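# Working through the structure, step by step
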Amino acid sequence: MKMMPMISCREASRLMSEKMDRGLGLAERLSLGLHLAMCRGCSMIAKQITGLRKLFRLYRRIALKKNLRDRLSPEQKEQIKQKLKSI
Amino acid sequence: MLQNLSKSDEWVDLHGDMLYGYALKMVADPILAQDLVQETFLAALNSRKSFKKQSHEKTWFCGILKHKILDHLRHKYREMPGSDGDVTEKAVDAFFDNASGMLKKMPSAWQVHPSELIEKEEFWSALHTCLDHLPEKTRDAFKLRELEEEKTEDICKVLDITATNLWVILHRARVLMRSCLEKNWFKAENS
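Our subject in this report is the structure included herewith. (Residues numbered from 1 in each chain as written. Chains lettered and ligands numbered in written order. Predicted model: local features only at pLDDT ≥ 70, side-chain atom pairs only at ≥ 80, totals over all residues. Heavy atoms only, no water.)

## Looking at the overall build of chain B
- Assigned secondary structure in chain B consists of nine helices and zero strands.
- Seen in sequence order, chain B has helices and strands lined up from the N terminus as α-α-α-α-α-α-α-α-α.
- Principal axes of the C-alpha set define a box for chain B whose edges measure 70 × 40 × 30 Å.
- When each of the 191 residues of chain B is scored for burial, the buried share is 49%.
- For chain B, contacts bridging at least 24 residues in sequence account for 70% of all contacts bridging at least 6.
- For chain B, the accessible area works out to roughly 10,000 Å², and carbon and sulfur atoms hold 53% of it.
- For chain B, the distance from the average position of its 27 positive side-chain charges to the average position of its 31 negative side-chain charges is 4 Å. (Helix = DSSP H or I, 4+ residues; strand = E, 2+ residues; numbered from the N terminus. Buried < 20%, exposed > 50% of the residue type's maximum accessible area, 1.4 Å probe, protein only. Contact = heavy atoms within 4.5 Å. Areas by Shrake-Rupley, 256 points an atom, 1.4 Å probe, with all protein chains shown as cover. Lys, Arg positive; Asp, Glu negative; His and termini not counted. Charge placed at Lys NZ, Arg CZ, Asp CG, Glu CD.)

## Here's the deal with helix α2 (residues 26-38) of chain A
Residues and elements named next belong to chain A.
- Between its first and last C-alpha atoms α2 spans 18 Å; for 13 residues at 1.5 Å apiece the expected length is 18 Å, and the two agree.
- Residues of α2 that are buried: Ser31, Leu32 and His35. Viewed along the axis of α2, the buried residues span an arc of 100°, placing them on a single side of the element. Exposed residues pointing more than 90 degrees away from the buried face of α2 are listed as Leu26 and Ala37. (Expected span 1.5 Å × (residues − 1). Arc of directions from axis to C-beta.)

## Observations concerning the pattern of salt bridges
Residues and elements named next belong to chain A.
- Inspection of the entire model under this criterion finds 22 salt bridges over all chains.
- Put simply, Glu18 and Arg14 hold a salt bridge, and the shortest N to O gap is 3.3 Å. With a gap of four residues between them, Glu18 and Arg14 both fall in helix α1 (residues 9-18), about one helical turn apart.
- For Glu18, a relative accessible area of 5% corresponds to the buried category.
- The class of Arg14 is partly exposed, set by a relative accessible area of 27%.
- Via salt bridges that share partners, Glu11, Arg14, Glu18, Arg22 and Glu28 belong to a single interconnected network. (Salt bridge = Lys/Arg side-chain N within 4 Å of Asp/Glu carboxyl O.)

## Let's talk about the interface of chain A and chain B
- Listed by partner, the interface residues are 47 residues for chain A and 62 residues for chain B.
- The tally of links between chain A and chain B comes to nine salt bridges.
- Notably, a salt bridge pairs Arg145 of chain B with Asp21 of chain A, separated by 2.7 Å at the nearest N-O pair.
- One can count 23 residue pairs in polar contact (both at pLDDT 80 or more) joining chain A with chain B. (Polar contact = N/O pair within 3.5 Å; in protein donor to acceptor, adjacent residues only side chain to side chain.)

## Overview of unusual backbone geometry
- Residue Ala28 of chain B is not a glycine yet carries a positive backbone phi of 55°.
- The residue Ala28 of chain B is located in the loop between α1 (2-27) and α2 (30-46) in this model.

## Concerning the packing of aromatic side chains
Residues and elements named next belong to chain B.
- Taken as a whole and judged by the stated rule, the model has nine aromatic pairs over all chains.
- Each ring, one from Phe41 and one from Phe61, has its centre 5.2 Å from the other, and the planes form 75°; the classification is edge-to-face. Of this pair, Phe41 sits in helix α2 while Phe61 sits in helix α3 (residues 57-79), and the two are 20 residues apart along the sequence. There is no split in this pair, since Phe41 and Phe61 are both buried. (Phe/Tyr/Trp six-rings, centres within 6.5 Å; stacked < 30°, edge-to-face > 60°.)

## Concerning the state of the cysteines
Residue and element names in this part refer to chain A.
- According to the stated counting rule, one finds one disulfide over all chains in the structure shown.
- For Cys9, which is in no disulfide, the shortest distance to another cysteine sulfur is to Cys42 and amounts to 3.7 Å.
- Given the relative accessible area of 2%, Cys9 is considered buried.
- Looking at the unpaired Cys42, the closest cysteine sulfur is the one in Cys39, lying at 3.6 Å. (Disulfide = S-S within 2.5 Å.)

Here you go:
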């Protein structure tokens, strides 16, 4: 069996990101898996990066529901109302 | 017609803030965001007949606004192609050893615990600060992907770039967001 060459952290970083945007091929999955199993730094980064995705999904949901900061001022609302009436 | 008028006032009062918050998250410009909300209501007024009673008004407005936002971005990148690749490439390269491609230093050990972070206003503002640090095109691509959960093919069309190009942009965005949050939030929190 041919030895799988060890990929660099730079390569691993690219693959762990692309995994979130496209399906990786078998060879890519294997070399990423091997790298992550052997490199503690990259395996932490991989977890943090997938964690970011979860975080953003959550953020979107609560931001739309709560909408804590970004509100239209009464003046802005009045402007929009007037505009809608002028049509 | 009279009914139409009071209806549009009601729309603004009921859904204006929510739509504005949504628009502002995607375009980060208050005046433009207000315009987009106004255009959304105008389009809604013009197409009231096509509104199906069984869907929620809120969902309907969000759908229109989303189209408006994507249109705006499509125009922006048609007028202003270019890329911010040089800046982000250098920033990401700095994490790796030039010759070996290995990590220069270990990341800090933090984990995302969404449930603990939800209630922390300061965390969300750190997140915004980090987003604001990304160059414009990178930021738009990242938001479309992670906030809007758009398919990569659709993002490519909006930004007028190839898939390979988008993967590179998103990779850099993730690396930069991760390290920015590590610096601005997780380290500060642990110390």
